[in-house]
Structures are given as C-alpha cells and as structure tokens.
Amino acid sequence: MMLDRVTHAGLAVVIAAIAAPAWGGSPETRDYEAPQHGISIERRPRGPGFLHVERNGGLLALCKKSGSIVRLDPRSGIIQTEVPVGEGPFALSAHPDGRRLYVTCRSGQEVVELDAASLEALRRFPLRGDPTGVAVSADGRRLYVGVHSLDQVAVLDVAAGTEIKRLAAGNGPEMVRLCAQKKRVYVTNLLSNAVPAGEPCRNEITVIDDERARVLRRIVLENANVGRGVAFTGDGALAIEAISRPKNLVPMLQVARGWVVTNGFAMVSTDSETPPVQLLVDLPNRAYSDPYAVVVTPDDRKFYLTCAGADTVIAVDLAAAKRVMSEALDDPNTRYADHLGMARRYVSARIAVGAHPTALATSPDGDRLYVANTLDDSISVIDTSTDRIVNTIELGERPALDRLARGERFFHSAGRTYQGQFCCASCHPDNGFDGLRYDLEPDGIGQNILDNRNMRDVVDTGPFKWAGTNPDISTQCGTRTAKWIMRTGWLNSMEVVDLVTYIHSIRPVANPNRATDGKLTAAQKRGKALFERTTTNDGRPLADRDRCNFCHSGRKFTDGRTFDIGSKAPTDTKSKFDTAHLINVFESAPYLHDGRAATLEEMWTVYNLDDTHGFSSDWTKRQLNDLVEYLKSL
C-alpha cells in the first residue's frame, strides 16, 4: 500500500489579524481572542493528549477531541497556530531531519506525515486497527507504529510509503518510543497478556532491535496492567514505564484496606537481562490512580509521572529511586512492589494540576515541565527547580460543562473513591475494559468470579451484570457502585445521569476484521451461514436454543435474557448468565462469564463438550474457523 501525497483539504487556520476562524460552528462561538499575535480560537473542547517540544523550544499539542495540532509559545502562552490533522490524533514522532513529523490518528485509522514548519499534511497512510504510538527509526528510514486492536507493530518504509512487515507485540500496544542510545524501540502494552483463569496479570514491554526491525526481547511485568507511557534516562541505560498493579484476585472488600489497585512505575535496565523493578507512588492512606505519562529531566535528576485519575503529577528523585531499585534486586524476597511506605524515599513532590493529566514534556533546558490536562483543555507549566506551577495555558476559552462533559470527568476521576484508589477508567481504560476477573463482595467472598466487561457501545445491551440483575446502566452505576466498589457516597442521582450520559456516548473502535465497505469475506459468509443455520450438518432441525442467532439476535446480537449454557463453575451460585452482545467481540477476550475461555475457539472446543452452548459437536475445523472469522467481523 502506497502513501498518497495529498493536498490539505481540512479546515484552515486563519491568523486573527487577517480573518475570522475557518473552523466550523456558529459565529457566536468565535468570540475568544488569544493574546497579541496569536490566532482566533473557537470555544470548543480540544482534549490535549500528547505534547512534543520542538528544537526551538516551541510546544506542540495533539488535541484528540478537536482533531488538531496546536503550536504555542510555552513562555508567553500564546497560541500561534492550530491545524486540523485527523480524527483522534494520539501520538507524534519527529523525523531526525527535523523537517517532518509523523502523527497517528487513532480514530481516523491513519498515520499522517506533516511538514514540521507549516504543520500541513504531506502524506496520509491508512492503517486500520487503532494506530497508537509511533517512533521514527534512528536512521529515519522506518516508522514503528503500534496497532492496538491487532496486538502488532507495523513497520513502514518512510521513503516508499509502504508497509514492510508486522511484528507481534503484547496485548494492545500503547506507546512506542525509540531509545536511540541503545538502538532499540520500546513498546508498552495496555493490557496483560493472556493468563490462565485465577493467575495474576502479566504486562509486557516489547523491545525491538531498531537496526534489524525484529523483536529482541519481551519483558514481563508480573502483577502489572495498563502500561502507558515510557521514558529513558539520558544515557539510555534505564527505561521507566507508568503502570498499575491490580489486586483483582482478592475480594473487592479490600477496597476498605487500600488494596485493590496500587499505582506506580517499572524501572527496566536496557543493558542487561536484569529483572524489572516495580515501585509504588501511593501512600498508606492515599492512592494516586492511573499512572499515565512519564518524562525524565535532561539532567537526569528526576523524572515526573502523571496520575491521571488523581489530577496529580508526581516528582521522583531518580538517584533515590535507583538506590531502592538496587536494594530490591539484592533482596528479591522483600515485596518492594507492594510496599505502600516506600514512596517516601523517592517521591519528592506531589503537584496538583488540571483534570486528567495524560501527557508530559520538558523544555530543552529542563527548567520547565509541561503537563497536558486533557479534560481541562489546558497546559500546566511547572518550574522544575521548585516543582510549583508558574503558569496555566488555556487552549481557548472553556465552554461551560454540560452533562456529557461532567460525566466524562466522573468516569476518569478517582476523587470520589475511598482513598482515591481508582476510577471507572482504571478498570475500563480507553473506555473499554482491563481484561481481568474480579471477586465482587455482594456475590459472596470467593464465589461468582466474574470477567470484566467492555464499556464500548453498551447502549441497548441491557440488562447488566453477568447475572442480568441490573436493568440499566443507571442501576449498575448508582448505589450498588457506591456501596460495593467505590465505598463512598459516590454520586447523587443527577450525577449518575451525567455519568450514564457519558457511558452511552462511548462508541466502538473501528473493526479491522471487517472491510471498509462492510462486505464479508468468503470465510465470513460461511461463518454467518453457520451462525444462522437451522439444521445440523446432516439435515436434522435444530432446537431454538441450539442456534447461535436465537440468543444472539437483534442489532447488538443479544436478546437481553439469561440462559444456562453449562458454564456454571464450582464457585458459582447461579447457573444462568446474561447473553453477551457481540459488537467488536474480537477485542473482548477472555470469554464466558468468568473469563475462563482465552479465545473464541475455546468456548466450543474446551467448554462446550455437551452442546449446552449451542450445537457444535458436528462442526468441522473449517466451520469453527469460519464462525470465528464472522464473529470477529461483527
């Protein structure tokens, strides 16, 4: 596939002194004037989610909600340029020649090459599968792009505009960063690799040899999940990744003991096979949820970590953290990764910033730290010598928070959870799910272990809970959540409505297993026929409940009822479970109510030996493969 050179056809950015802004919207929304020599900024959500410092010290911000890239002077706070780039820009990497930038547009399913001076699009490369992190190779010849939905890294030829190959990554590639000193590319992965039911999660860092474009190493972070940003020390000898450590195998009553999700970072030696060391930033009575972005100061004195759910930036003394890392390697029997009192030895400051900080960058001289507050549409500027905020740059005048915006904040804030341990987004990162199983207290301790469920496109898929006992999302997220999960007053009735409004707005990701024109492949057509069949292979009629589309019916492929499909486990007290919807089921592993099936195939080859979950005993291997191909296309 070739990259086509395009003429920028998006909405133009117009200098305020010349004309009114050309972004869409009614005239009454165009009344905000940026400082002198800035541009006219429309009042609308932007959602800055990635920051990049240019060689001249200028600051670029990728804005997910507005689909734009903003250039500003971080010293004066003046916004100089805003250019539309694509739908849902996620990450950016600069070419070594300094003339080009590469931006992944996650919702737009493409990588965009920009002119570094004008920020205009030069070429667009369609890349389906949720492109996330991006890095340019040290020699500038290749791009490494995370393909989140397919658990791959795409390797692209920059000059030819062609895809060279795909590399297998972990579960949901997130950020992709080049460690130029070591000639390696580090890929963080959002979710744990597949583990057997009842075992702790195992997050992966995928390490790629930049010169050969081959996977060199797979670093496993035991008991870690939701891997986000990664940064390197100046000599490239140490990689630092933002992580969470869920305790999903213990009953949720541990919320009251501050012990369901802990938060911190992993330190990884890039020079050896030395095991990674995980450390926490939480305190015994105060958690800092959702570690997200990481940056190391140019002088290697410290690094900063955003805790997005806590609206906080953590400053870490790097030398002190290295000492603790050395101790942990010398004493593997001490559980440093679970020590809530350890943070006092290396955390030097906790800085309150705006809502949901998800990106960091430092000025070239290291004296300023820039923090993108995604839900505040602002950038906090911190003096790194004092770790105090010295300026807040507003990306336009903030519109009043409506119901949707308030709900989005509730979803991403741990401020109303007991001791701030977690928020909705902690277990449903990127509005999806964490792929883990939980023991919720109201169903009995050690009983009714349940798989977490995807939050994308849940409208009209009720009832909720695997037992089907909650008729709607309002019931699911109201007093039940307050009592058994958040362990606080949580939200009042109107705030629950706000939260539900946001949840109902969450759309599914683009499905890379389905053609853009919606047409099915030959295998998917055969799978669809099997899904809808009314007779066995030898012509005998099938009972209603033995047909896939009897239960999985309607627009979302669920009839909203509960059935006994023979999946009751020894620890379950009920045998009937909700019919799961099948929209984007390809991304919802593991499967069945308790997550025991690692793959779609296992639901029938391992866990349907008595034909209680549809009549499958007469399927051929090809029929099973075709059915799976069809299901993945939904």
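Residues numbered from 1 in each chain as written. Predicted model: local features only at pLDDT ≥ 70, side-chain atom pairs only at ≥ 80, totals over all residues. Heavy atoms only, no water.

Mapped onto the fold, Leu-305 is located in strand 23 (residues 302-307). The spatial distance from the C-alpha of Leu-305 to the C-alpha of Asp-457 is 31 Å, given a sequence separation of 152 residues. Leu-305 has contacts with Ala-242, Gly-264, Phe-265, Val-281, Pro-291, Tyr-292, Ala-293, Val-294, Thr-312, Val-313, Ile-314 and Leu-360, leaving out every residue within four places of it along the chain. (Helix = DSSP H or I, 4+ residues; strand = E, 2+ residues; numbered from the N terminus. Contact = heavy atoms within 4.5 Å.)

Within the largest apolar cluster, 32 residues are counted, with the highest numbers of intra-cluster contacts made by Met-252, Phe-411, Phe-422, Ile-473, Trp-490, Leu-499 and Ile-503. Looking at this core, the elements with two or more residues in it are helix 2 (403-412), helix 3 (424-427), helix 4 (473-477), helix 5 (479-486) and helix 6 (493-505). If we ignore the near neighbours within four places in the chain, the residues touching Met-252 are Val-260, Phe-422, Tyr-438, Asp-439, Leu-440, Glu-441, Trp-484, Ile-485 and Arg-487. Among the nonpolar cores identified, the runner-up in size contains 30 residues, and Val-85, Val-136, Leu-143 and Val-158 belong to it. (Core = buried A, V, L, I, M, F, W, Y, C linked by side-chain atoms within 4.5 Å. Buried < 20%, exposed > 50% of the residue type's maximum accessible area, 1.4 Å probe, protein only.)

Moving on: the sheet that holds strand 10 (residues 131-136). Across the sheet, four strands lie side by side as 10-11-12-13; this open sheet has antiparallel pairing. Pairing within the sheet leaves two strands with one partner each, and these edge strands are strand 10 and strand 13 (162-168). Ignoring which end each strand starts from, the neighbouring axes of this sheet average 25° apart. Bridge count for strand 10 against strand 11 (residues 142-147) is four bridges, and the pairing is antiparallel. What sits directly across from Val-136, in strand 11, is Leu-143. (Pairing = 2+ DSSP bridges. Axes fitted to C-alpha atoms, helices over the stretch in contact; angles between N-to-C directions.)

For the rest of this paragraph, the subject is the domain arrangement of the protein chain. Interfaces are frequently sized by the accessible area removed from exposure as the parts join. The domain boundaries assigned to the protein chain delineate domain 1 (406-505) and domain 2 (522-633). Of note, the centres of domain 1 and domain 2, computed from C-alpha atoms alone, are 26 Å apart. Buried area between domain 1 and domain 2, summed over both chains or domains, comes out near 1900 Å², and the portion from carbon and sulfur atoms is 44%. Note that Asp-457 and Lys-556 form a salt bridge whose closest N and O atoms lie 3.4 Å from each other. Taken together, domain 1 and domain 2 are joined by 12 residue pairs in polar contact (both at pLDDT 80 or more). (Domains from an automatic or database assignment. Buried area = accessible area lost by both parts, 1.4 Å probe. Salt bridge = Lys/Arg side-chain N within 4 Å of Asp/Glu carboxyl O. Polar contact = N/O pair within 3.5 Å; in protein donor to acceptor, adjacent residues only side chain to side chain.)

Tallied over the full model, the rule gives 48 salt bridges. Measuring nitrogen to oxygen at the nearest pair gives 2.8 Å for the salt bridge that ties Glu-174 to Arg-228. With Glu-174 in strand 14 (residues 171-179) and Arg-228 in the loop between strand 17 (214-222) and strand 18 (230-232), this pair connects stretches of sequence that are 54 residues apart. In this structure Glu-174 comes out as buried when scored by relative accessible area, which is 1%. The salt bridge partner of Arg-555 is Asp-460, with a shortest N-O separation of 3.2 Å. Of this pair, Arg-555 sits in the loop between helix 8 (548-551) and strand 32 (562-563) while Asp-460 sits in the loop between strand 31 (450-451) and helix 4, placing them 95 residues apart in sequence. The network of salt bridges with common partners includes Asp-97, Arg-99, Arg-100, Glu-113 and Arg-123.

Moving on, we come to the packing of aromatic side chains. All chains considered together, the criterion is met by seven aromatic pairs. Where Phe-265 meets Phe-303, the ring centres are 5.0 Å apart and the plane angle is 80°; that geometry is what we call edge-to-face. Of this pair, Phe-265 sits in strand 20 (residues 261-269) while Phe-303 sits in strand 23; the two residues are 38 residues apart in sequence, bridging distant segments of the chain. A single burial state applies to Phe-265 and to Phe-303, both of which are buried. Here the aromatic rings of Phe-265 and Tyr-346 are separated by 5.8 Å at their centres, their planes lie at 80°, and the arrangement is edge-to-face. Of this pair, Phe-265 sits in strand 20 while Tyr-346 sits in the loop between helix 1 (318-330) and strand 25 (347-352), placing them 81 residues apart in sequence. Exposure remark for Phe-265: the relative accessible area of 0% places this residue in the buried category. (Phe/Tyr/Trp six-rings, centres within 6.5 Å; stacked < 30°, edge-to-face > 60°.)

So, about the sheet that holds strand 26 (residues 357-362). One key point about sheets: their strands pair by backbone hydrogen bonds, in either a parallel or an antiparallel sense. With antiparallel pairing, four strands are arranged side by side in an open sheet as 26-27-28-29. At either margin of the open sheet sits one strand with a lone partner, and together these are strand 26 and strand 29 (388-394). The sheet shows a mean angle of 25° between the axes of neighbouring strands, taken without regard to direction. The sheet contact formed by strand 28 (residues 378-383) and strand 29 spans six bridges and is antiparallel. Bridging from a neighbouring strand, Ile-382 pairs with Ile-389 of strand 29.

For the protein chain, per-residue confidence averages 91 on the pLDDT scale, and 93% of positions sit at 70 or higher. Long-range and interchain partners of residues 1-37, a stretch whose pLDDT sits below 50, account for 76 contacts in this model, where long-range means more than four residues apart. (pLDDT = per-residue confidence, 0-100.)

Here Glu-82 lies in strand 5 (residues 78-84). The buried category is assigned to Glu-82, whose relative accessible area is 1%. Looking at Glu-82, its side chain comes within polar contact range of the side chain of Ser-68, at 2.7 Å.

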